[in-house]
Amino acid sequence: AECATIARQWGKDYWDGERCHGYGGYSYDGRWLPVAEAMAKHYGLKPGMRILDVGCGKGFLLHEFTRAVPGIEICGIDISAYGLENAKEEVKPFLEIGDAASDLPWEDNTFDFVYSITTLHNLRVFELKKAVQEMERVGKGNKWMCVESYRNEREKANMLYWQVTCASFYDTDEWAWILKEWGYQGDYGFIYFD
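What counts, and at which threshold
- Residues numbered from 1 in each chain as written.
- Predicted model: local features only at pLDDT ≥ 70, side-chain atom pairs only at ≥ 80, totals over all residues.
- Heavy atoms only, no water.
- Helix = DSSP H or I, 4+ residues; strand = E, 2+ residues; numbered from the N terminus.
- Buried < 20%, exposed > 50% of the residue type's maximum accessible area, 1.4 Å probe, protein only.
- Contact = heavy atoms within 4.5 Å.
- Phe/Tyr/Trp six-rings, centres within 6.5 Å; stacked < 30°, edge-to-face > 60°.
- Lys NZ or Arg CZ within 6 Å of the ring centre and 35° of its normal.
- Core = buried A, V, L, I, M, F, W, Y, C linked by side-chain atoms within 4.5 Å.
- Pairing = 2+ DSSP bridges.
- Axes fitted to C-alpha atoms, helices over the stretch in contact; angles between N-to-C directions.

Enquirer: For the environment of V125, give the residues involved together with the corresponding values.
Expert: Within the fold, V125 resides in helix α6 (residues 125–138). Of the residues examined, V125 reaches a relative accessible area of 39% and is grouped as partly exposed. What V125 contacts, discounting residues up to four positions off in sequence, is S168, Y170 and W182.

Here you go:
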């Protein structure tokens, strides 16, 4: 509980402090380039298209998108001032502080691709609904989100004991129902603690 309280402040301890508070040190190492390349290929991303990362953290994946698809336009939003201050220098001008559970500062249908990786499960259900609907609103094309979930009691127990920031605990069927109920039309995937 003490670790979770510290982690949910989204500061230095979460990103670059001890492992019990979050990442345990999150620095750029290039691991996201194959992810950006695979996502760009799957979603047909081209130069000039606009993408948004909801919960961009230090912006490492956004940076890799600029390498995978030169000429792509990037935007990122995150609640962590520390994360943004310690983002890749190349992407800092395209990142802004903000809450995924509020009105996003972009017009309807602004982005060709909107994604969120391991962020939305950190919201409570009423915040989560707003965030999902805002992703849907600002995206005119493809969307993808990845959240923590579970498929059985073992994974549920592991998730409850391992996580330090998760606020929405749903199994995969519940996530699918929630997203459909709220009008989300994008793709989604899960992280399991097995």
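Enquirer: Explain the packing of aromatic side chains to me, using residue names and the numbers behind them.
Expert: Evaluation of the coordinates by the stated rule reveals 16 aromatic pairs. Here the aromatic rings of W106 and F111 are separated by 5.3 Å at their centres, their planes lie at 80 degrees, and the arrangement is edge-to-face. Members of the aromatic cluster, connected to one another through ring pairs, are W10, Y14, W15, Y23, Y26, Y28 and F60. Cation over ring: K88 sits above Y28, and NZ or CZ is 4.1 Å from the ring centre. Over the face of the ring belonging to Y192 we find R151, whose NZ or CZ atom lies 3.5 Å from the ring centre.

Enquirer: Go over the nonpolar core with me, naming the residues and quoting the values.
Expert: Side chains of nonpolar character tend, in soluble globular proteins, to be buried together. Within the largest apolar cluster, 25 residues are counted, with the highest numbers of intra-cluster contacts made by L52, W106, L120, L128 and V132. Those elements that place two or more of their residues in this core are β1 (50–54), β2 (73–78), β4 (111–117), α6, β5 (139–148) and α8 (172–181). Considering every element that reaches this core, the biggest residue donor is α6, with five residues. Every residue in contact with V132, bar those within four places of it in the chain, is listed here: L120, M145, L179, W182 and Y184.

Enquirer: I'd like a description of the side chain of S80, backed by residues and values.
Expert: Turning to its location among the elements, S80 is positioned in the loop between β2 and α5 (81–85). Residues within four places of S80 in sequence aside, it is in contact with W10, W15 and I97.

Enquirer: Describe in detail the sheet that holds strand β3 (residues 95–97), supporting the description with residues and values.
Expert: Taken together, the six strands give an open sheet; going across it, the order is β3-β2-β1-β4-β5-β6, and neighbouring strands pair in parallel fashion. Because the sheet does not close on itself, it has two edges, and the strands there are β3 and β6 (187–191). Each adjacent strand pair in this sheet contributes to an overall mean axis angle of 15 degrees, direction not counted. Note that β4 and β5 share six bridges and pair parallel. Within the sheet, the bridge partner assigned to F111 lies in β5 and is G139. Set on the sheet, α6 makes contact with β1, β4 and β5; between it and β5 the angle comes to about 150 degrees.

The quantities given are spatial measurements derived from coordinates; they are silent on function.
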